[in-house]
Amino acid sequence: MLLWVSLLILAPVGGQFATEIKSVISLQPPWTTLFQGETATLTCKTFQFNAAQKVKWYRWYLPGEIQTETTENTYEVRESGGYKCQAQDSHSSDRVDLIFSTAYLILQAPSDVFEDDSVVLRCQAKANIVLNNMTLYKNGRILETLNKTSDFHIHQASMKDNGEYHCRGAKDNHFVSSNKIKIVVQELFPSPVLRASSTQPTERDAVTLTCETQLSQQRPEGHLLFRFVKQSNNVGSDWKNSPEFQFSHIRKENSGSYWCEARRVNSLVQKRSQELQIQVREIVRIHHYPEFVFEGQELVLICSVNGARKPITVSWYKRQDRLQKDIELQTSSKTEFTIPVVQNSDAGEYYCIARNSHFSKQSNSVIISVKVPVSQPVLTLRPPGTWNLVTDKMSLQCEVQRGSLPIWYQFFHEGVLLEEVESTSERKTFHRLSPTEKHSGNYYCTANNGLGPQWSKVMIPVSKPVLTFSSPGTRTSVGIKMSLQCEVQRGSLPIWYQFFHEGVLLKKREAISWRTVSYSFSVTGENSGNYYCTADNGFGPQRSEAMSLSVTVPVSQPVLSLSPPGTQILVGNEVRLQCEVQRGSLPIWYQFFREDVLLTRTEATSWRTVSYSFSVTGENSGNYYCTADNGFGPRRSESINLSVIVPVSRPVLTLRAPRGQAVVGDVAELHCEARRGSPPILYQFYHEDVTLGSSLSTSGGGAFFNLILKAEHSGNYFCEANNGQGVQRSHMVPLSVRVPVSHPVLTLRTPRVQAVVGDVLEIHCESQRGSPPIQYQFYHEDVALGNSSSLSGGGTSFNLSLTTEHSGNYSCEADNGLGVQRSEAVSLNVRVPVSRPVLTLRTTRTQVVVGDVLELRCEAQRGSPPILYWFYHNNVTLETSTSHSGQGVSLNLLLTADHSGTYSCKADNGLSPQHSEAVTLSVMGRKSTFDSSRNPSAPDPQESTYHNVPGWIELQPVYSNVNPNRGEVVYSEVWSVKKENKVTAASEPELFKNTDSCVIYSQVKGASTTASKPQFLDPFTPHR
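Residues numbered from 1 in each chain as written. Predicted model: local features only at pLDDT ≥ 70, side-chain atom pairs only at ≥ 80, totals over all residues. Heavy atoms only, no water.

**Description of the overall build of the protein chain**
Heads up, the rule is: Under the DSSP-based scheme used, a helix requires at least four consecutive residues in state H or I and a strand at least two consecutive residues in state E, with every element numbered from the N terminus. Computed with a 1.4 Å probe, the accessible areas rest on the Shrake-Rupley method; for each residue, only the protein chains presented here act as cover.
Helix and strand counts for the protein chain stand at zero helices and 93 strands. As presented, the protein chain carries roughly 54400 Å² of accessible surface, and 48% of it is formed by carbon and sulfur atoms.

Structure representation (C-alpha cells):
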C-alpha cells in the first residue's frame, strides 16, 4: 500500500483556480516510523498536464539541501529526517518526517487520515523481541488487546477516531511502551454552500441553485453526488452528479427555505449546507398613494404588470368575508383605480387581476386603512425623578392612547426641538439624554399622524410610598419566598418603583395601571438587613420608611470526598469518607449512605466536617453519598462512585437474530457479557478464530457487535473479555445461516426434439441458491401436478407420460421456508403421430365411366397438424397436399380409361408416415348409343384432367368395381370433353362448359329405389 503525502495546490488567480504543479512523495512501506536498519522506498511523482513530456531528473532533499539527483523516481533511505522530492518542471513536495527507531516497540500509522478511510494501526515489536499482552491505547485508555495480530483496523474513519494512540506490551515482568501518534481525521470535503443566481427573482425568471464544495485535493478519487431540498421535500431528482438545480420558470410557490446535501459516491460521508431563503416576486403587484390615507382624501390604487404583452385588461376587486363574493369595482385597460373622497367604509383589502391573450394573473393584496387622528400625548420621564447629577441617564417617553400608525413624535426643551421620531408599531416612543447643566428646564412632546400635532399635558407628583412584607414579622428562614410591596396613595401614572437592600438597588418596576407593585425573591443568608422603596413619576423620587429583616441560615449542600483520592481501589485497602458543608448553623447531623443504605450517623457540634472509615471488600463497589441537617431538613451531597477492581469472569456469548432461523441479509447481534469484573472491559468477537471486532464497555453491561449475515457466516463464534487483569474466553456458540431460495429454473426434457404422445417427459426444477431442504412444486397451467423435496439442496425432477392434454405452460415453485419463488413458464407442445389414413373415392354415380369426375379424399383421424398427404395411382404419385387444420384433403380427377387401377394415399406429420389401404377402381368405357337430347355436340374426353372442384353432390362412394348384375340398373348422365389443355386447380372445369361436349351413358349399381331415376351432377352445387 502506498501512502501519498501530497497532491496539487490550487491557487486563486483572477477569481478562478489555477493549478500549481507540485511533486508528490509516497512511502513503501506506508509507515513514517520504522526500525533502525530497515529501508524505506520513497517514490516521487508529479501530476503534469502534458503527459507526453518525460521527466528527466528527480532531486531529493534532506533537510532543505539537495541530497542527491536521480533519473529514476525512487530513492531508498535508512536515516531519520525530513525528506522532500522535486521532479523536473514542478515544485518540491511537502516534507515527510521519517523516524528509524531503536526502541523495542513502535506504533506505525499513516501520516494522513481522511473521513471514510480504512486505516491500519500496527503495533510492531523489534525482531527477536517477544512481547506479551500487547495492548493498544487511545487517549490513555485501553482500546483493544492484540492477542493474535499486531494490526488494529479502523474500517471507516470519522471524527470520533481522533486522539492520541500508543501501544504497550510486557517483557520480563515490566512494560514496554511505543511512541505516541496523534491521529486527526481530516474532512473529505467541507460542508457545502448553497448559492442562487438570484434570491429575489421575479416570477417566470430562470434561477439556478449551486451547491458549492469539492473533494480534498489529497483524496481526489471518486466524485460527489448532490441533491437539493426545500422544507424537507426533494425539489429535484434524488442524488445527481450535477451540483446545480435549475428552475426554468420559477413560480411564487417556489419561495421558501432551501438547502443542499453532498456525499461522495460509495461513501457514508454526507454533509448539508446552511439554509438559503428565496423570495419570488410576483409579476403582478398592487400599490397605492398616498401612503397614509385619511378621510376626505383621494386614494389612487396602481396595478403594476411586469414582463407581460399588451394589450392588458385590469380588473379591480375588494375582498369580502368568506361568505360573500368579492366585489368587482372596475374593469378597463387602465392600470389605476381612483377613489376621489375616501370614507371609513373604503377601508379593506384590495387586489387586481391582469389579463391578456396569454395569461391571467392575480396580484398581491393591499390593505387600505383609513387613519384616525392621534389623541393628546402624555410625556413621562424614565427612570422617573428630578436629576441633579450630570452622570445620570434618562429617557423621555411620549405616548398617545389612540391614533392610526405611523405616528411622528417631536420632543422639545424650552420650545426647542430635540428630536423627531416615527413609530410604526406602537403608540409611544423615547428620547434618550445624558443630562448636563444645560438640560435643566421644561420638556414637552407632540404627536402627529398627518392631521396636525397634539401637545402633551402636566403630571401630578406621587405621594410617599409605604413598604410592607408578605410574611408577618421581621424573621424568616433561608429558602422561604418573600414578597416586598410598595404602594402610593396618589400620583399620575405611569409610576417607576425601585426596591433597595442596605442602599443597594434590587429591582425597578413600572406601574401603568395600578399604584402598587411587588418584588419577590427566595431568602438566602445574605438577605438580612434593612429594606426600603422609592416611587417617581417624573417629579422626583419619594422614599418609604426602612424595614429590617433577620434570616436564619440552613446548611448548604454537603460535599463528600474520598481519601485516598480516586474512584478505583483494590480489595483490602482502607477508605475514608469525609462529609463537609460550607454553611449552616451548628449542631449538624451527618449520615453516610451506600446505595441508599445507611452506614453511620454522626453529630457535629463544633466543626462542619465529619469522617467515616472502613476496609474495602468486593461488595463495597457502588454509589456513596452523605446528608447534613440542622433542623431545616436534610441536604444530600452528590454521589461518588467507588469501583472495587475485580477480574472479569468467563463471558457469555449470546447470538440474537430477528427470527427463529438466521437468514442471509438479517442483522445478527452478538452480545458478550462477563457477569463479574470491574469496568472498563474490552470485549473481542471471533468467528472461527478470525477477529470480527472489539468494543469497550465502560459500564460493565456487556458489549454488542452487529453482523449483516452472509452464507459464509455459518460456523462457531466466541468472545473474549479483558479488563487488564487477565483474558477470559466464552464457550463456542454455533450459528447456521440459511439462504432463501433463488428464482428456480424449469427444464423440460424429452427423448426427442419434439414431444410426442407416449413419450416420458422429465420436468426438472432447480434453484441455484437456497439452504436445504427445498420443497419443489410442479404446475401445468397453474394446476398442481406433484411435489418433491430435495434434502441436499440440488434440484428435483417429475416424470410424466405424455398425452395430448399435456400441451401448455409448465412452471414450478421452490420453497425452503424462507419465501416461495416461482420459475418462468415454459411452453410444451405435445405432438400426435398420424393414424393410418382412410382413402375415400366419391363419384356422382355408383359405376364410374370415362368422363366422370372422381374425388379422392384422404384423411387421418388423429395426428398433429400440419399433415402432408400423398395420392398414388398404381403406386405412382398423383399429387401432394398439406392440411394445416388437421382435417383431410381431396383430389379431383376427370376420368379416362387409363384411370382404372389401384389407389392409395399416405399421411405424414414428421413423426412417422402412414399408408392407407389400397382401393381398386374400374372405369367403364363410353356407350355407343346415347341420348341426343342431352347434348349431342359434346366430344369425348381424350386426356385426364385434375381439379380442386369447389362443390359436388356427394353420392354413395364406390370402393371397387361395380357388378352390373346385382340390383337394378340406372343410367346417369356424364359429360365428355375434347382433349384440351389441362385446367388449373383454381379454374372452372371444362366439364361444365357447353362447348364441343357430348353425352355418354354408363351402367352403375343403384344404391336404393330412390336412385332409379337418373341423377345429374350440378356444377353449381356448393362443396360440402
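**Quick word on the nonpolar core**
Side chains that are nonpolar tend, in soluble globular proteins, to be buried together. Definition in use: To form a nonpolar core, buried Ala, Val, Leu, Ile, Met, Phe, Trp, Tyr and Cys residues must be joined to one another through side-chain atoms within 4.5 Å. Each residue's exposure class comes from its accessible area (1.4 Å probe, protein chains only) as a fraction of the maximum for that residue type: buried when under 20%, exposed when over 50%, partly exposed otherwise. Throughout, a contact is declared for two residues whenever any of their heavy atoms are within 4.5 Å.
With 22 residues, the main nonpolar core has L839, L856, F871 and L921 as its most contacted residues. Among the elements of the structure, strand 83 (838–842), strand 84 (853–859), strand 85 (867–873), strand 87 (889–894), strand 88 (901–908) and strand 90 (919–921) are those that each provide at least two residues to this core. If we skip the residues at most four places from it in the chain, L856 touches L839, T840, L841, F871, V889, S890, L891, L893 and Y903.

**Thoughts on the side chain of N909**
As a reminder, the rule being used: Any pair of nitrogen or oxygen atoms within 3.5 Å is treated as a polar contact; in protein, a donor-acceptor pairing is required on top of that, and neighbouring residues in sequence qualify only through side-chain atoms on both sides.
Relative to the assigned elements, N909 resides in the loop between strand 88 and strand 89 (914–915). Within the structure, N909 has its side chain in polar contact with the backbone nitrogen of L911 (distance 3.3 Å). Look past the residues within four positions of N909 in its chain and what remains in contact with it is R831, V832, P833, V834, G863, S864, P866 and I867.

**Re the state of the cysteines**
Put simply, the rule reads: Whenever a pair of cysteine sulfur atoms sits within 2.5 Å, that pair is classed as a disulfide.
Tallied over the full model, the rule gives ten disulfides. The residue that forms a disulfide with C211 is C260, at a sulfur-sulfur distance of 2.1 Å. Negative torsions about the S-S bond denote left-handed disulfides, and the value of about 70° found for C211 with C260 makes this one right-handed. Taken together, the residues span a long stretch of sequence, with C211 in strand 23 (residues 207–212) and C260 in strand 27 (residues 256–264) at a distance of 49 residues. For C260, a relative accessible area of 0% translates into the label buried. Disulfide pairing places C486 opposite C533 at an S-S distance of 2.0 Å. Handedness of the C486-C533 disulfide follows from its S-S torsion of about 75°: it is right-handed. Of the two residues, C486 is situated in strand 49 (residues 481–487) and C533 in strand 53 (residues 529–536); the sequence distance between them amounts to 47 residues. Given the relative accessible area of 0%, C486 is considered buried.

**Digging into the confidence of the model for the protein chain**
Let me state the cut-off plainly: Scored from 0 to 100, pLDDT records how confident the predictor is in each individual residue.
Per-chain confidence: the protein chain averages 81 in pLDDT, with 84% of residues scoring 70 or above. Within the model, pLDDT remains below 50 along residues 1–19, and this stretch shows 58 contacts once partners closer than five positions in the same chain are excluded. Note that residues 927–1024 has pLDDT below 50 and, in this model, 198 contacts with residues that lie over four places away or in other chains.

**A short note on the pattern of salt bridges**
Two side chains bearing opposite charge may form a pair once their charged atoms approach each other closely. So the rule is basically this: Any Lys or Arg side-chain nitrogen located within 4 Å of an Asp or Glu carboxyl oxygen qualifies as a salt bridge.
As enumerated under the stated definition, the model contains 30 salt bridges in all. In this structure, K464 engages E545 in a salt bridge whose closest nitrogen and oxygen atoms are separated by 2.8 Å. Of this pair, K464 sits in the loop between strand 46 (454–455) and strand 47 (466–469) while E545 sits in the loop between strand 54 (542–543) and strand 55 (547–552), placing them 81 residues apart in sequence. Accessibility expressed as a relative area gives 43% for K464, which makes it partly exposed. You can call E545 exposed: its relative accessible area is 56%. For the salt bridge of R729 with E720, the shortest nitrogen-to-oxygen distance reads 2.9 Å. If you follow the salt bridges from partner to partner, you end up with E115, E187 and K271 in one network.

**Here we look at the packing of aromatic side chains**
The criterion, for reference: For Phe, Tyr and Trp, where Trp contributes only its six-membered ring, two rings pair if their centres lie within 6.5 Å, and the inter-plane angle classes them as stacked under 30 degrees, edge-to-face over 60, or tilted in between.
For the structure on display, the rule yields 21 aromatic pairs. Geometrically, the ring pair formed by Y444 and W455 is stacked, given 4.7 Å between the ring centres and 25° between the ring planes. Linking Y444 in strand 45 (residues 443–448) with W455 in strand 46, this pair joins segments that are eleven residues apart in sequence. Their ring planes at 15° and their centres at 6.2 Å tell us that F521 and Y531 sit as a pair that is stacked. Highlighted residues: F521 in strand 52 (residues 516–522) and Y531 in strand 53, separated in sequence by ten residues. Here the two residues F521 and Y531 agree in accessibility, since each one is buried.

**Describing the sheet that holds strand 67 (residues 667–673)**
Note the threshold: Strands are labelled as partners when DSSP assigns at least two bridges between them. To get an axis, a line is fitted to the C-alpha atoms, and for a helix only the part in contact is used. The angle between two axes follows their N-to-C directions and goes from 0 to 180 degrees.
Strands sit in the order 65-67-70 across an open sheet of three strands; the sheet is antiparallel. Every interior strand has two partners, whereas the edge strands, strand 65 (652–656) and strand 70 (703–708), have only one. The average undirected angle you get between the axes of adjacent strands in this sheet is 20°. Bridging between strand 65 and strand 67 involves five bridges; their strand directions are antiparallel. Across the sheet, L653 pairs through a bridge with C672, a residue of strand 67.

**What about the sheet that holds strand 12 (residues 105–108)?**
With respect to topology, three strands assemble into an open sheet ordered 12-14-17, the strand pairing being antiparallel. Each edge of the open sheet is held by one strand with a lone partner, namely strand 12 and strand 17 (151–154). Taken over all neighbouring pairs, the strand axes of this sheet differ in orientation by 10° on average, direction set aside. As defined by bridge partners, strand 14 (residues 119–125) adjoins strand 17 across four bridges and the pair is classed as antiparallel. Paired with V120 across the two strands is H153, which belongs to strand 17.

**Overview of the pairing of strand 88**
Of all eight residues in strand 88, six are buried, a share of seventy percent or more. Here strand 85 pairs with strand 88 via six bridges, running antiparallel. Residue pairing for strand 88: L868 is matched across the bridge by D908. As paired strands, strand 88 and strand 90 are joined by three bridges and run antiparallel to one another. Its bridge partner lying in strand 90, G901 is registered against L921. Across two bridges, the pairing between strand 88 and strand 89 is antiparallel. Residue K906 lies in a different strand from strand 89, and its bridge partner there is H915.

**As for the environment of V838**
Position of V838 relative to the elements: it lies in strand 83. As a C-alpha pair, V838 and K906 span 68 residues in sequence and 9.1 Å in three-dimensional space. Leaving out residues up to four positions away in the same chain, V838 has contacts with R857, C858 and E859.

**Focus on unusual backbone geometry**
Where the residue is not glycine, phi is negative for most of them; where a peptide bond is considered, it is trans in most cases. With an omega of 0°, the peptide bond between L405 and P406 qualifies as cis. Within the secondary structure, P406 sits in the loop between strand 41 (394–399) and strand 42 (407–413). The step from P679 to P680 runs through a cis peptide bond, and the omega angle for that step is 5°. Tracing the sequence through the fold places P680 in the loop between strand 67 and strand 68 (681–687).

**Focus on the environment of D116**
Structurally, D116 is set in the loop between strand 13 (113–114) and strand 14. Residue D116 is classed as buried on the basis of its relative accessible area, which comes to 14%. With 69 residues separating them along the chain, D116 and V185 place their C-alpha atoms 9.2 Å apart. If we ignore the near neighbours within four places in the chain, the residues touching D116 are H155, Q156, A157, L188, R264, N266, S267, L268 and V269.

**Some words on the environment of I181**
Structurally, I181 is set in strand 20 (residues 181–183). Taking relative accessible area as the criterion, I181 reaches 15% and is therefore assigned buried. Not counting residues within four places of it along the chain, the set of residues in contact with I181 comprises L107, Q108, A109, G163, E164 and Y165.

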